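Working through the structure, step by step
Residue strings, one per chain:
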Amino acid sequence: MKKVFALFSAALVSALCLASCGGTDSTSSSSESSAQESSASTSSAESSATESSSEEASEGSTDAAAEFTTVTEGVLTMATNAEFPPYEYYEGDTIVGIDAEVAQLIADELGLTLEITDVAFDSIVPGVQSGKYDMGMAGMTIDEDRLKSVNFSTPYATGIQAVIVTEDSDIASIDDLTGKKIGVQTSTTGDIYASEDYGMENVVQYDNGALAVEGLKSGKVDCVIIDNEPAKAYVAANEGLKLLETEYAVEDYAICFSKENAALQEAVNSVLEDLIADGSVQEIVDKYITAE
Ligand code: GLN
């Protein structure tokens, strides 16, 4: 059931990729970024992907990239929820992770300074929708409901909804979840799917994944449904927990934008698609996620 949308979006990525990855180089970020950044402290802006020397972004199909605006001139304001390792988490006072690094590359290519704001996960979409933040990047799944409020970029990673149980659990597979108490992080796709599939009365919402895992350890819930990578981190950090082998759902992560700022979305997409095509995104993912 959940896989249908994921498959659909995977097909969309391929289609987008066919349309843009191999086509004419219309990266076009140099012209609009220089318009943007008159007073910005651009760091390493003009590196590899801005080699397109065209004056205007008129070539190809990415012409909308020409005139984007950001909340603060010269700054790309990204909202995230920095409790989602390895995509975003704190190292000291700094938010690091896959999303932080990919966003930094995007900002560099666009000639913008990246500013990451840490907010509750369920504040990201409303904040982006209302124009408080330029974009939301938080291991966020493309979801039909969210698409009513915001637009999404080209997907840049695959997410899996996984199930954490205690080592002595009688839950052996997804089929055993009926009637069990399921811990989730509020408003995540784990929450949305579990409420649909097993009934809201069986779902216990927590502010973040760490609290849901505490709930599992203290017996308040029988399992936690959460994205695979943080799930692995929680299992590694807590004795007596394990992951079910079966996947609950497979989905695509993407960056969300206000529907009012299609030009920024296009500009980011153009850069992001290049970063995917040249392997930069994969390089960052590989740095944080080692193959088992
Ligand atoms: N991928 C999940 C979602 O989009 C969880 C994201 C998160 O908790 N940061 O709902």
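Within an unreviewed UniProt entry, the label attached to the chain reads Amino acid ABC transporter substrate-binding protein, and the organism entered is Candidatus Faecivivens stercoripullorum.

Once that is clear, we can look at the environment of Asp170. Within the secondary structure, Asp170 sits in the loop between strand 7 (157-166) and strand 8 (182-185). Residue classification places Asp170 among the exposed positions, given a relative accessible area of 58%. C-alpha of Asp170 to C-alpha of Asp222: the two residues are 52 residues apart in sequence and 9.2 Å apart in space. Excluding residues that lie within four positions of it along the chain, Asp170 makes contacts with Asp176 and Lys180. Looking at Asp170, its side chain comes within polar contact range of the side chain of Lys180, at 3.2 Å.

Every α-helical turn comprises 3.6 residues, leaving residues that sit three or four positions apart pointing alike. Within helix 7 (residues 209-217) the residues assigned to the buried category are Gly209, Ala212, Val213, Gly215 and Leu216. Along helix 7, the residues classed as buried sweep out an arc of 155° about the axis, all on the same side. Contacts from the buried residues of helix 7 go to strand 7, strand 8, strand 9 (203-206), strand 10 (223-227), helix 8 (228-237) and strand 11 (241-243). At the N-terminal end of helix 7, a side-chain oxygen is found 3.1 Å from the backbone nitrogen of Ala210, two or three residues along, and the residue is Asn208. Downstream of helix 7 by one or two residues, Gly219 has phi in the positive range, about 80°.

With mixed pairing, five strands are arranged side by side in an open sheet as 4-1-5-13-6. Here the strands that pair on one side only, and so sit at the sheet edges, are strand 4 (113-118) and strand 6 (150-152). Two strands pair when backbone bridges link them, and strand 5 (residues 135-136) and strand 13 (residues 256-258) are joined in this way by two bridges, in the antiparallel orientation. If you follow Met135 over to strand 13, its bridge partner there is Phe257. Running over the sheet, helix 9 (residues 262-277) touches strand 1 (75-80), strand 6 and strand 13 and is turned about 150° from strand 13.

Our focus in this paragraph is the packing of aromatic side chains. What describes a pair of aromatic rings is the distance from one ring centre to the other and the angle between the planes of the rings. If you walk through the whole model with that rule in mind, you get six aromatic pairs. Taking 5.0 Å as the distance between ring centres and 85° as the angle between the ring planes, the aromatic pair formed by Tyr87 and Tyr253 counts as edge-to-face. Of the two residues, Tyr87 is situated in the loop between strand 1 and strand 2 (89-91) and Tyr253 in strand 12 (residues 249-253); the sequence distance between them amounts to 166 residues. Taking relative accessible area as the criterion, Tyr87 reaches 2% and is therefore assigned buried. Tyr253 sits in the buried class, given a relative accessible area of 1%. The interplanar angle of 65° and the centroid separation of 6.2 Å between the aromatic rings of Tyr193 and Tyr248 together place this pair among those described as edge-to-face. Of the two residues, Tyr193 sits in helix 6 (residues 189-198) while Tyr248 sits in the loop between strand 11 and strand 12, which places them 55 residues apart along the sequence. Residue Tyr193 shares its accessibility class with Tyr248, and that shared class is buried. Of the aromatic side chains, those joined through ring pairs into one cluster are Phe84, Tyr87 and Tyr253.

Thresholds, definitions, all that
- Residues numbered from 1 in each chain as written.
- Predicted model: local features only at pLDDT ≥ 70, side-chain atom pairs only at ≥ 80, totals over all residues.
- Heavy atoms only, no water.
- Helix = DSSP H or I, 4+ residues; strand = E, 2+ residues; numbered from the N terminus.
- Buried < 20%, exposed > 50% of the residue type's maximum accessible area, 1.4 Å probe, protein only.
- Contact = heavy atoms within 4.5 Å.
- Polar contact = N/O pair within 3.5 Å; in protein donor to acceptor, adjacent residues only side chain to side chain.
- Arc of directions from axis to C-beta.
- Pairing = 2+ DSSP bridges.
- Axes fitted to C-alpha atoms, helices over the stretch in contact; angles between N-to-C directions.
- Phe/Tyr/Trp six-rings, centres within 6.5 Å; stacked < 30°, edge-to-face > 60°.

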